[in-house]
Amino acid sequence: MNFSALHEKLNQYINKGRLKSPWVVHYDCGSCNGCDIEVLACLTPVFDVERFGIVNIGDPKHADVLLVTGTVNQRNKDVLKNLYDQMPEPKAVIAIGACACTGGVFQDCYNVVGGVDHVIPVDVYVPGCAAKPEAIIDGVVLALEVVKGKLGLRDMPQTTIFE
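Residues numbered from 1 in each chain as written. Predicted model: local features only at pLDDT ≥ 70, side-chain atom pairs only at ≥ 80, totals over all residues. Heavy atoms only, no water.

- As named in an unreviewed UniProt entry, the protein is NADH-quinone oxidoreductase, B subunit, taken from Bilophila wadsworthia.
- One UniProt comment on the protein, placed under Cofactor (unreviewed entry), says "[4Fe-4S] cluster".
- UniProt's Sequence similarities (unreviewed entry) comment on the protein is quoted here verbatim: "Belongs to the complex I 20 kDa subunit family." (UniProt positions renumbered as here; feature names shortened; annotations may be inferred.)

Here's what the structure looks like:
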């Protein structure tokens, strides 16, 4: 077996392992923090997402999924783009809450760019003000299906908007 075939086989095993234990990084673009509280509620013993292998980390270089809350404005759009660029492929982005999806109640403000999809591509939208923890967890599960599709392990989901 030559080196490139061995390298490809190793990458396949690593990517399948990444799907069993996704690491997420959370970024708040600027909001009322309602959605941030709900993201953290997913980590409490009531919802306990860690039992599914989902781990909230602080380093985008090790993350599989980017959770974004709040509206994107002129001051944080470069930071958001930088976080996205640091994440390894395949990756998924989840816009959580009305502010991240569309700009929410702040969309007409002078410094607001709009939703997250104005800066980086979004794979899953989780609407709500504030989004419920159950919806956030379902959004992460749907994002993993998108990552599977990017890896070629299944067909891409028809819709990536979670309602």
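## Comments concerning helix α5 (residues 133-151)
Part 1 of the reasoning: With 19 residues, α5 should reach 27 Å at 1.5 Å per residue; the first-to-last C-alpha distance of 27 Å fits that figure.
Part 2 of the reasoning: Along α5, the positions that sit buried rather than exposed are P133, A135, I136, I137, G139, V140, L142, A143, L144, V146, V147 and G149.
Part 3 of the reasoning: Considering only its buried residues, α5 is in contact with α1 (3-20), α2 (34-41), β3 (65-69), β5 (92-96) and β7 (124-126).
Part 4 of the reasoning: Directly after α5, the chain includes G152, whose backbone phi takes a positive value near 80°. (Helix = DSSP H or I, 4+ residues; strand = E, 2+ residues; numbered from the N terminus. Expected span 1.5 Å × (residues − 1). Buried < 20%, exposed > 50% of the residue type's maximum accessible area, 1.4 Å probe, protein only. Contact = heavy atoms within 4.5 Å.)

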